[in-house]
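Residue-level structural notes
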Amino acid sequence: QTTASDPTCISVSTQADVDGETTVRLVFDDVPEDAGLQTVFSGTLETPNRQIAVVTSLFERVVETTVPDAVANVRIAVDDREHPSVVVVRLESLG
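Residues numbered from 1 in each chain as written. Predicted model: local features only at pLDDT ≥ 70, side-chain atom pairs only at ≥ 80, totals over all residues. Heavy atoms only, no water.

**Comments concerning the overall build of the chain**
Along the chain, the regular secondary structure elements total 0 helices and 8 strands. Moving toward the C terminus, one meets the helices and strands of the chain in the order β-β-β-β-β-β-β-β. Projected onto its principal axes, the C-alpha positions of the chain cover 35 × 30 × 20 Å. In the chain, the share of contacts with a sequence separation of at least 24, taken over all contacts with a separation of at least 6, comes to 60%. Of the roughly 6100 Å² of accessible surface on the chain, 49% is carried by carbon and sulfur atoms. With 6 positive and 16 negative side-chain charges, the chain shows a spacing of 6 Å between the two charge centroids. (Helix = DSSP H or I, 4+ residues; strand = E, 2+ residues; numbered from the N terminus. Contact = heavy atoms within 4.5 Å. Areas by Shrake-Rupley, 256 points an atom, 1.4 Å probe, with all protein chains shown as cover. Lys, Arg positive; Asp, Glu negative; His and termini not counted. Charge placed at Lys NZ, Arg CZ, Asp CG, Glu CD.)

**Quick word on the environment of Arg25**
Checked against the element boundaries, Arg25 lands in strand β3 (residues 23-28). Assessed through its relative accessible area of 30%, Arg25 is described here as partly exposed. For the pair Arg25 and Val89, spaced 64 residues apart in the sequence, the C-alpha separation amounts to 6.1 Å. Not counting chain neighbours up to four residues away, the residues in contact with Arg25 comprise Asp34, Val87, Val88 and Val89. (Buried < 20%, exposed > 50% of the residue type's maximum accessible area, 1.4 Å probe, protein only.)

Geometry only, nothing functional implied.
This is the structure in structure tokens:
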């Protein structure tokens, strides 16, 4: 399973670091779709502090942004369902 989630957190497994780097992009819905990626999560994320951060398994922040609402629509797509080396976290408008 590529993802696991609860109301305030979404976890995405990626390839092992010994197999190479993993690219993570945090984009908004006005950015064109990436061809060839597979959606592994589509849903909402509670953001009571209006912040979304991508954090490694060692709790290092990779990227973060502010969102306008206390709930965000999130879609996550990867290049490979078993060992992703590309992860795109797309924040979509609530409207």
